[in-house]
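Topology and contacts: notes
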Amino acid sequence: MMTKPTLDVDAVQAFVNIAEFRSFTKAADALGTTQGAISVRLKRLEDRLGHKLIERTPRHVRLSAQGATFVNGAREFLAAHDRALALLDAERRHFRLGIASHIAGPETPTLLARLHERDPALSIEVRLDNSHTLLGAFDNGDLEAVIVGQEDDRRDGEDLGPEHFGWFAAPSFEWRTGEPLRLAALMPCCQVRNTAIQALDRSEIAWNEVFVGGGYAVMAAVSAGLAIGALACRLAPADTIEVGERFSLPALPGSRITLHSTLTDSRSRDALRTIAAAYREHRGVRPSPPQK
């Protein structure tokens, strides 16, 4: 059984351009290459098909009889190739992203807007939770990417920059002598909450959790004057102040923000670069408190 020849897209494109421009030079200019390269591609196609497609004289370039027969099919071949690529590029994809509750902040709207601008066909699912839970979901394949605080036992992931923490409260907040410190905190499994409580216990400062909730809820409670919150400096509400020095509270250790991902295709990697850029641009939104 005789094997049918396969078509090389670049060679077919060269032939179609020569046929349309009736010129090797103009065909080369249109494809951004050289006349010599166009000639090589045409020769390769003719050899593969076993037919002379272009007749060339010092004064004229024209289709041969076989070339005239082949040219419409060649155009259809190129159009089908372009449609296949366009369908691949326009394929709607679902992107599952996890962001730690204590990290999601002012850059999140910028992040989502840029992802949509770069890839309108991208369907984005964002999950907010504590770092430990999100890393578990990532390891189980339930999330394609996560932005979390650096875990002590994990050194993988892309570093997005430092995270500084402080004790924030409404300007009107009062802590009466002899009373436990009124504390607004994230859920018990949150690394930031645990670090803050350990710091208070080491300093032998009595505390009482009067509000527990998600990131935005905790910030609202702090702004309302209900309690003090251990917050990332860049996320602290604008109507709050850092009160660590005022109340002689222990300094809170800094951390790092890391991005973990299993995505390798070009579109996904582009989305990840957009995410990383959004976080890096928002470093230092609010200066870190003085360390004692």
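Because the structure is predicted, anything quoted here is derived from the model rather than measured. Numbering of residues starts from 1 in every chain and runs along the sequence as written. Predicted model: local features are reported for residues with pLDDT of at least 70 only, side-chain atom pairs are reported and counted for 80 or more only, and whole-chain, interface and lining totals are derived from all residues. Hydrogens and waters are ignored; side-chain quantities use all the structure's heavy atoms.

1. Describing the overall build of the protein
Rule in force here: A helix here means a DSSP run of H or I that spans at least four residues, while a strand means a run of E at least two residues long, and both kinds are numbered starting from the N terminus. In this scheme, a residue with accessible area under 20% of its type's maximum is buried, one over 50% is exposed, and one in between is partly exposed, where area comes from a 1.4 Å probe on protein chains only. Residues are treated as being in contact if the distance between any of their heavy atoms lies within 4.5 Å. Accessible surface area values rest on a Shrake-Rupley calculation with a 1.4 Å probe, where residue burial reflects the displayed protein chains alone.
Of regular secondary structure, the protein possesses 9 helices and 12 strands. Going through the 292 residues of the protein one by one, you find that 42% of them count as buried. Of all intrachain contacts in the protein linking residues separated by at least 6 positions in sequence, the fraction that spans at least 24 positions is 76%. Within the structure as shown, the protein displays about 15700 Å² of accessible surface, and the carbon and sulfur contribution to it stands at 53%.

2. Some details on unusual backbone geometry
The backbone of glutamate 204 shows a phi angle near 55°, a positive value even though the residue is not glycine. In this fold, glutamate 204 is placed in the loop between α7 (191–202) and β9 (207–212).

3. Comments concerning the packing of helix α2 (residues 24–31) against helix α3 (residues 35–49)
As a reminder of what qualifies: Every axis corresponds to a line fitted to the C-alpha atoms, with the helix fit spanning only the stretch in contact, and the corresponding angles, defined between N-to-C directions, vary from 0 to 180 degrees. By the definition adopted for this analysis, an angle is roughly parallel if under 35 degrees, roughly antiparallel if over 145, roughly perpendicular if from 65 to 115, and oblique otherwise. Under the scheme applied here, ten amino acids are nonpolar (Ala, Val, Leu, Ile, Met, Phe, Trp, Tyr, Cys and Pro), four are charged (Asp, Glu, Lys and Arg), and all others, including Gly, are polar.
The contact between α2 and α3 brings their axes to 8 Å, and the two run at 100°. Comparing the axis directions of α2 and α3 gives the class roughly perpendicular. Along its contact with α2, which presents Phe24, Thr25, Ala27, Ala28 and Leu31, the element α3 presents Gln35, Ile38, Ser39, Arg41 and Leu42. Class assignment for the residues of the contact of α2 with α3 results in 6 nonpolar, 3 polar and 1 charged.

4. Some words on the confidence of the model for the protein
Selection rule: Here pLDDT means the predictor's own confidence in every residue, given as a number from 0 to 100.
In this model, the protein carries a mean pLDDT of 84, and residues with pLDDT of at least 70 account for 89%. Of all helices and strands in the protein, the one with the weakest mean pLDDT is helix α9 (residues 266–281) (73), whereas strand β11 (residues 241–242) scores best (96). Taken together, the stretch residues 284–288 has pLDDT below 50 and engages in 13 contacts with residues farther than four places along the chain or on a different chain.

5. Here we look at the nonpolar core
Among soluble globular proteins, nonpolar side chains are generally buried collectively. Our working definition: Within this scheme, the nonpolar core is defined by two criteria: the residues are buried Ala, Val, Leu, Ile, Met, Phe, Trp, Tyr or Cys, and they are joined through side-chain atoms within 4.5 Å.
Grouped together as the largest cluster of nonpolar side chains are 32 residues, with contacts concentrated most on Trp167, Leu200, Ile228, Leu249 and Leu252. Breaking this core down by element, the ones donating at least two residues are β7 (165–169), β8 (181–185), α7, α8 (215–223) and β10 (228–232). The dominant element in this core, judged by the number of residues it contributes, is α7, at 5 residues. Beyond its immediate chain neighbours, meaning those up to four positions away, leucine 200 contacts Trp167, Leu181, Leu183, Ile205, Trp207, Leu249 and Pro250. In terms of nonpolar packing, the next biggest core, distinct from the first, is built from 28 residues, Ala100, Ile103, Leu115 and Phe138 among them.

6. Overview of the sheet that holds β7
As a reminder of what qualifies: Between any two strands, at least two bridges found by DSSP are needed for them to pair.
Spatially, 5 strands are ordered β9-β8-β10-β7-β11 in an open sheet, and the strand pairing comes out mixed. The open sheet is flanked by β9 and β11, the only strands paired with a single partner. Across 4 bridges, β7 lies against β10 in antiparallel orientation. Within β10, the residue paired with phenylalanine 165 across the bridge is alanine 232. Taken strand by strand, α7 contacts β7, β8, β9 and β10, and its axis lies near 160° from that of β9.

7. Focus on α2
The periodicity of an α-helix, 3.6 residues per turn, causes residues three or four positions apart to be oriented the same way. Applied cut-off: The directions from the helix axis to the C-beta atoms are what the arc is built from. For this analysis, a polar contact is any N or O atom pair within 3.5 Å, provided that within protein one partner can donate a hydrogen and the other can accept it, and provided that sequence-adjacent residues contribute only side-chain to side-chain pairs.
Those residues of α2 that fall on the buried side of the exposure criterion are Phe24, Ala27 and Ala28. Along α2, the residues classed as buried sweep out an arc of 100° about the axis, all on the same side. The N-cap of α2, judged by a side-chain oxygen 3.3 Å from the amide nitrogen of threonine 25 a few residues on, is serine 23. Downstream of α2 by one or two residues, glycine 32 has phi in the positive range, about 70°.

8. Observations concerning the packing of helix α1 (residues 9–21) against α2
For clarity, the threshold we go by: Helix crossings are classified by the rotation of the near helix relative to the far one: an anticlockwise turn of less than a right angle makes the crossing left-handed, while a clockwise turn makes it right-handed.
Interaxial distance between α1 and α2 falls to 8 Å at its minimum, and their mutual angle equals 125°. By the angle between their directions, the pair α1 and α2 is classed as oblique. Both α1 and α2 take part in a crossing whose hand is right-handed. Across the interface between the two elements, Gln13, Ala14, Asn17, Ile18 and Phe21 from α1 touch Phe24, Lys26, Ala27, Ala30 and Leu31 from α2. Each residue belonging to the contact of α1 with α2 can be placed in one class, and the counts come to 7 nonpolar, 2 polar and 1 charged.

9. Examining a nonpolar patch on the surface
Basically, it comes down to this: The patches described consist of residues with a relative accessible area above 30% and no salt bridge, like charges being joined within 9 Å and nonpolar side chains (Val, Leu, Ile, Met, Phe, Trp, Tyr) within 5 Å. Salt bridges are defined as contacts in which a side-chain nitrogen from Lys or Arg sits within 4 Å of a carboxyl oxygen from Asp or Glu.
On the surface, a cluster of nonpolar side chains totalling about 350 Å² of accessible area is made up of Leu112, Val126, Leu128 and Tyr216. Within the secondary structure, leucine 112 is located in helix α5 (residues 107–118). The exposure class of leucine 112 is partly exposed, given its relative accessible area of 32%.

10. Here's the deal with the pattern of salt bridges
Inspection of every chain in the model, using the stated rule, returns 10 salt bridges. In this structure, aspartate 8 engages arginine 44 in a salt bridge whose closest nitrogen and oxygen atoms are separated by 2.8 Å. Here aspartate 8 is found in the segment before α1, whereas its partner arginine 44 is found in helix α3, with 36 residues between them in sequence. The shortest N-O distance in the salt bridge between arginine 234 and glutamate 163 comes to 2.8 Å. With arginine 234 in the loop between β10 and β11 and glutamate 163 in strand β6 (residues 158–163), this pair connects stretches of sequence that are 71 residues apart. Classification of arginine 234 as buried rests on a relative accessible area of 6%.

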